[in-house]
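The lines below spell out each chain.
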2 protein chains.
Amino acid sequence: MPKQKETAPSQVVAFNARIEGINYDILEELTGYAVRRAQLSIYADFTASLGVYDITPQRFSSLVIVCNNPGISQTRLAEVMGIARSNVVAIIDNFEQAGLLERQGSGDRRSYMLHLTKEGQRQLEKYKQAVKEHDDRVSQHLTMKERQQLRALLGKLCMEPK
Amino acid sequence: MPKQKETAPSQVVAFNARIEGINYDILEELTGYAVRRAQLSIYADFTASLGVYDITPQRFSSLVIVCNNPGISQTRLAEVMGIARSNVVAIIDNFEQAGLLERQGSGDRRSYMLHLTKEGQRQLEKYKQAVKEHDDRVSQHLTMKERQQLRALLGKLCMEPK
DNA sequence: TATTGTTATACTCTATAACTATA
DNA sequence: TATAGTTATAGAGTATAACAATA
């Protein structure tokens, strides 16, 4: 995890889970706080690792979903990503302008079928490699079993009571 | 978890971990994706639960830290929260205007000592109660042991190699 | 009437840079 | 010179509302 600029320190301090001498009170016991803290750290490492490419976690997920579900519509993609339809437009515009993705006409003339171009598929493979390395670094202190366990526990959060 | 408006559906669909018929490919295996997904769900439940109060996860954390570490400076608070100093200003302004928090002069005339007012402490107790309920609901499918385990695993993420 | 993509708009959270008062 | 708080600004990421074209 190379620090890029040793000489020009930013005003922002790396997020530390616990700072000595600070009383965190109830925050120590909240699942939500632990998840949020972890997410911030992971996000920071992601952007630091993939800054060379013009990609973010959200944009990466979009590419993966479109690649593996070719023909998906924008509304469906929004649903999968859990965001508003309106926000998908700019994401897709961007990829289309970069030549990574195409809007293809569908039977229904209101909607498009999205799919990656050859170039998009090629780029995505590079991104995936970098993301894997990032995810491995971030999870390096967990065994494979623990990572699986972590994903399983996270998956049980926010489920409906039923 | 009461749905507030049954009649006026929003354009946004609740975030679901897995949607049937969608191939998530590598996303299934990424720690970062699982954490991000969980965080989105938790954040949504937080704002739905505490919407009545003018509070967010970030603002709540600030109050807890100041309450339990009276006299803390803005820069130190920024450090603890892992955000830029400049972003603390608006947060504190807001609480001060609402009468929940005060900037007190310190020996060093460049900095303030922050502390909650009586009203701030009273309000925070209400927030804490609501946050506990929210966190319990979100974690309801995990046993106490599993919650502890989850927090421990999350705490191991993003640690330096050493 | 309902749905898809779109535009406009706004708010939160994050960041950097540069200023000022002070140390 | 360095630090604390501040202002200005920008860019993600989210949201809602309303519109045109189409079903």
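The name an unreviewed UniProt entry assigns to chain A is MarR family transcriptional regulator, from the organism Undibacterium pigrum.

A. Seen up close, helix α2 (residues 57-68) of chain A. All names here are of chain A. In this model, α2 (twelve residues) spans 17 Å end to end at C-alpha, consistent with the 16 Å of a helix rising 1.5 Å per residue. By the criterion of burial, α2 is predominantly enclosed, with nine of the twelve residues buried. Within the sequence span of α2, burial applies to P57, R59, F60, S61, S62, L63, V64, I65 and V66.

B. Representation of the packing of helix α6 (residues 144-155) of chain A against helix α1 (residues 31-50) of chain B. As a packed pair, α6(A) and α1(B) sit with axes 9 Å apart at the nearest point and diverge in direction by 20°. In terms of orientation, α6(A) and α1(B) fall into the roughly parallel class. At the point where α6(A) passes α1(B), the crossing takes the left-handed sense. Along the contact surface, α6(A) presents A:R147, A:L150, A:R151, A:L154 and A:G155, while α1(B) presents B:T31, B:A34, B:V35, B:R37 and B:A38. Of the residues assigned to the contact of α6(A) with α1(B), the class counts are five nonpolar, two polar and three charged.

C. Up close: the relation of the copies chain A and chain B. Mapping chain A onto chain B calls for a rotation angle of 180° and an axial translation of 0.0 Å; the resulting RMSD is 0.0 Å. On this basis, the relationship between the two copies can be described by a two-fold rotation axis.

D. Broad picture of the protein's contact with DNA strand C. Neighbouring DNA strand C are 24 residues, the closest being A:T75, A:R85, A:S86, B:Q58 and B:S86. When the atoms of DNA strand C within 4 Å of the protein are sorted by group, sugar and phosphate make up 57%. With respect to DNA strand C, the side chain of A:Q74 contributes an N or O atom lying 2.8 Å from a phosphate oxygen. Here a base nitrogen of DNA strand C and a side-chain polar atom of B:N87 are 2.9 Å apart. Every element with two or more residues in the surface near DNA strand C is listed here: α3 (74-81) and α4 (85-97) of chain A together with α4 (85-97) of chain B. With three residues, α4(A) is the single largest residue contributor to the surface near DNA strand C.

E. Summary view of the environment of B:S41. Residue placement: B:S41 occurs in helix α1. Distance in space between the C-alpha atoms of B:S41 and B:M144 is 20 Å, their sequence separation being 103 residues.

F. A look at the interface of chain A and chain B. Facing 67 residues of chain A, the contacting portion of chain B comprises 67 residues. Between chain A and chain B the total buried area reaches about 6600 Å² when both faces are included, carbon and sulfur atoms providing 64% of it. Contact with chain B buries area across many residues of chain A, yet A:R36, A:H141 and A:L153 alone supply 9% of it, more than any other trio. Between the two partners, chain A and chain B, sit four salt bridges. Measuring nitrogen to oxygen at the nearest pair gives 2.7 Å for the salt bridge that ties A:D25 to B:K128. Summed over the shared surface of chain A and chain B, the number is 24 residue pairs in polar contact (both at pLDDT 80 or more). For the side of chain A that touches chain B, the secondary structure elements donating two or more residues are α1 (31-50), α2, α3, α5 (118-138) and α6 of chain A. Per element, the largest residue contribution to the side of chain A that touches chain B is eleven residues, and it comes from α1(A). Partitioning the side of chain A that touches chain B into residue classes produces 33 nonpolar, 17 polar and 17 charged.

G. How the structure looks around the packing of aromatic side chains. Residue and element names in this part refer to chain A. Taken as a whole, this structure holds two aromatic pairs over all chains when the rule is applied. For the pair Y53 and Y127, a centre-to-centre distance of 5.2 Å together with 55° between the ring planes defines the contact as tilted. Placement of Y53 in the loop between α1 and α2 and of Y127 in helix α5 is noted, with a sequence separation of 74 residues between them. Y127 gets classed as buried once you look at its relative accessible area, which sits at 6%. Its end group placed over the ring of Y24, R18 keeps NZ or CZ at 4.9 Å from the ring centre.

Quick notes on the rules
Residues numbered from 1 in each chain as written. Chains lettered and ligands numbered in written order. Predicted model: local features only at pLDDT ≥ 70, side-chain atom pairs only at ≥ 80, totals over all residues. Heavy atoms only, no water. Helix = DSSP H or I, 4+ residues; strand = E, 2+ residues; numbered from the N terminus. Expected span 1.5 Å × (residues − 1). Buried < 20%, exposed > 50% of the residue type's maximum accessible area, 1.4 Å probe, protein only. Axes fitted to C-alpha atoms, helices over the stretch in contact; angles between N-to-C directions. Parallel < 35°, antiparallel > 145°, perpendicular 65-115°, else oblique. Left-handed = near helix turned anticlockwise from the far one by under 90°. Contact = heavy atoms within 4.5 Å. Nonpolar A, V, L, I, M, F, W, Y, C, P; charged D, E, K, R; others polar. Least-squares fit on C-alpha atoms with pLDDT ≥ 70 in both. Near = heavy atom within 4 Å. Polar contact = N/O pair within 3.5 Å; in protein donor to acceptor, adjacent residues only side chain to side chain. Buried area = accessible area lost by both parts, 1.4 Å probe. Salt bridge = Lys/Arg side-chain N within 4 Å of Asp/Glu carboxyl O. Phe/Tyr/Trp six-rings, centres within 6.5 Å; stacked < 30°, edge-to-face > 60°. Lys NZ or Arg CZ within 6 Å of the ring centre and 35° of its normal.

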